[in-house]
Amino acid sequence: MKIIKKILWFILLVFLIAQFFRPDKNAGDLASIEPFLSETNPPEDVKRILKETCYDCHSDVTRYPWYNTITPVNYWLSGHIKHGKEHFNVSNWKGNSIKRKDHKFEELIEMVEEKSMPLKSYTWTHAEANLTESQIKAVIDWANLVRLKYGLQPKPE
């Protein structure tokens with residue numbers, strides 16, 4: 001029984017010390033999203049959907065929940081954000097080619113249609129991110145219009 005007590009105290013001590021170590025926060029500003037918004041011109045309902053369901057993981061602007069102050073949860077969230085930005089980052093929109101932008105929208109449509117985005121682990125704690133069928137349709141319709149726009153632009157040779 002003594003050994004179990006010592007192990008539990010050790011685990012508690014490690015947990016308490018771990019609270020002093022935190023990953024860097026994803027703390028950009030809303031201005032980084034403006035080029036994406038002005039280029040893709042989403043309607044107001046889609047802007048709201050993007051803000052509530054996408055920006056936290058796919059931009060330099062993240063609204064952190066209270067539990068982000070707890071290590072190791074904050075590392076888990078940081079990993080999600082890093083991974084999300086690697087795949088689709090609206091804060092880095094200007095640096096992409098038209099071909100890449102079109103491909104990102106193709107992926108966006110596929111992921112939203114399949115309901116694999118937003119992630120289930122995100123919607124558990126962000127109920128507003130559970131998309132209705134009409135919201136899914138609005139996002140897909142907008143994304144298809146953006147893809148049409150990109151398809152009409154001349155391709156670099």
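Residues numbered from 1 in each chain as written. Predicted model: local features only at pLDDT ≥ 70, side-chain atom pairs only at ≥ 80, totals over all residues. Heavy atoms only, no water.

Draft legend 1. Seen up close, the packing of aromatic side chains. Enumeration according to the criterion identifies 9 aromatic pairs in this entry. Between Phe-36 and Phe-88, the aromatic rings sit 6.2 Å apart at their centres with planes inclined by 85°, giving edge-to-face as the arrangement. Remark: Phe-88 occurs in the loop between α5 (73–87) and α6 (98–113) and Phe-36 occurs in helix α2 (residues 34–40); sequence separation between them is 52 residues. Here Phe-88 falls in the buried class, since its relative accessible area comes to 11%. (Phe/Tyr/Trp six-rings, centres within 6.5 Å; stacked < 30°, edge-to-face > 60°. Helix = DSSP H or I, 4+ residues; strand = E, 2+ residues; numbered from the N terminus. Buried < 20%, exposed > 50% of the residue type's maximum accessible area, 1.4 Å probe, protein only.)

Draft legend 2. Layout of the nonpolar core. Phe-36, Leu-50, Tyr-55, Phe-105, Val-112, Val-139 and Trp-142 are the most contacted members of the largest nonpolar core, which has 25 residues in total. Secondary-structure elements contributing two or more residues to this core are α2, α3 (44–53), α6 and α8 (133–152). For this core, the leading source of residues is α8, giving 8 residues. Among all residues touching Tyr-55, those that are not within four sequence positions of it are Ile-33, Leu-37, Leu-50, Val-61, Thr-62 and Val-90. (Core = buried A, V, L, I, M, F, W, Y, C linked by side-chain atoms within 4.5 Å. Contact = heavy atoms within 4.5 Å.)

Draft legend 3. Geometry of the pattern of salt bridges. Enumeration according to the criterion identifies 7 salt bridges in this entry. The salt bridge partner of Glu-39 is Lys-101, with a shortest N-O separation of 2.9 Å. With Glu-39 in helix α2 and Lys-101 in helix α6, this residue pair connects regions lying 62 residues apart in the sequence. Using a relative accessible area of 21% as the deciding quantity, one classes Glu-39 as partly exposed. Among the ionic pairs, Asp-141 bridges to Lys-137, the shortest N-O distance being 2.6 Å. Taken together, the positions of Asp-141 and Lys-137, both in helix α8 and 4 residues apart, correspond to about one turn of that helix. On the basis of relative accessible area, Asp-141 is assigned to the partly exposed category, the value being 35%. Exposure remark for Lys-137: the relative accessible area of 51% places this residue in the exposed category. (Salt bridge = Lys/Arg side-chain N within 4 Å of Asp/Glu carboxyl O.)

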